[in-house]
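# Commentary on secondary and tertiary structure
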Amino acid sequence: NSEYKVIKKESIRVLYGEIKDCWKISAKSIFELGECYLEYWFNEELGFVKFEYTNYGKQKLMIELQSVENK
């Protein structure tokens, strides 16, 4: 069972630099082993720019945009 909420639109700082107008989304999943939490930020131009995930064992994984390459 998962629940997602759009929290707000905000500017954030990641390795890439400051990114304006990101949608912050929060998610909570409940299953037989426990609960997991995810917060992520989405920018309409760059896509997903940051993830902060906490699993049922309280281990954390963070991913953020570092660079953009145009090929």
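Now for a look at the structure at hand. (Residues numbered from 1 in each chain as written. Predicted model: local features only at pLDDT ≥ 70, side-chain atom pairs only at ≥ 80, totals over all residues. Heavy atoms only, no water.)

### Side note on the side chain of Asn43
Convention followed: Every helix listed is a DSSP run of H or I at least four residues long, and every strand listed is a run of E at least two residues long, numbered separately from the N terminus. When a residue's accessible area, from a 1.4 Å probe over protein chains only, is under 20% of the maximum for its type it is buried; when over 50% it is exposed; and in between it is partly exposed. Within 3.5 Å is the distance limit for a polar contact, defined as a pair of N or O atoms, with the added protein rule that one can donate a hydrogen and the other accept it, and that residues adjacent in sequence qualify only through two side-chain atoms. Contact criterion: two residues are considered in contact whenever any of their non-hydrogen atoms come within 4.5 Å of each other.
As for its position among the elements, Asn43 is in strand E3 (residues 34–43). By relative accessible area, which is 7% here, Asn43 ends up buried. Polar side-chain contacts of Asn43 include one of 2.9 Å to the backbone oxygen of Lys20. What Asn43 contacts, discounting residues up to four positions off in sequence, is Ile19, Lys20, Asp21, Cys22 and Val49.

### Focus: the sheet that holds strand E2 (residues 17–31)
Strands in a sheet are paired, the pairing made by backbone hydrogen bonds, and the direction either parallel or antiparallel. Using the following cut-off: Note on pairing: two strands pair once DSSP finds at least 2 bridges between them. Axis angles are defined between N-to-C directions and span 0 to 180 degrees, where every axis is a line fitted to C-alpha atoms and, for a helix, only to the segment in contact.
Reading across the sheet, the 5 strands line up as E1-E2-E3-E4-E5 and stay open at both edges, with antiparallel pairing between neighbours. Edge positions in the sheet fall to strand E1 (2–14) and strand E5 (60–64), since each of these pairs with one other strand and no more. Put simply, the sheet's adjacent strands are angled 20 degrees from each other on average, direction ignored. Sheet analysis places E3 next to strand E4 (residues 47–54), joined by 7 bridges and oriented antiparallel. Its bridge partner being in E4, Leu38 is matched across the sheet by Tyr53.

### Section: the packing of aromatic side chains
To be explicit about the condition: Between rings of Phe, Tyr and Trp, where Trp is taken as its six-membered ring, a pair exists when centres lie within 6.5 Å; planes separated by under 30 degrees are stacked, by over 60 edge-to-face, and by other angles tilted.
If you walk through the whole model with that rule in mind, you get 5 aromatic pairs. Aromatic pair Phe31 and Tyr56: ring centres 5.8 Å apart, planes at 90 degrees, arrangement edge-to-face. Of the two residues, Phe31 is situated in strand E2 and Tyr56 in the loop between E4 and E5; the sequence distance between them amounts to 25 residues. Phe31 gets classed as partly exposed once you look at its relative accessible area, which sits at 35%. Taking the centre distance of 5.0 Å and the plane angle of 65 degrees together, the rings of Phe42 and Phe48 count as edge-to-face.

### So, the pairing of E3
Here E2 runs beside E3; their pairing, made up of 10 bridges, is antiparallel. Its bridge partner being in E3, Ser26 is matched across the sheet by Glu39. Connecting E2 to the antiparallel partner E3 that follows it, the hairpin turn spans 2 residues. Hairpin geometry of E3 and E4 is characterised by an intervening segment of 3 residues between the two adjacent antiparallel strands.

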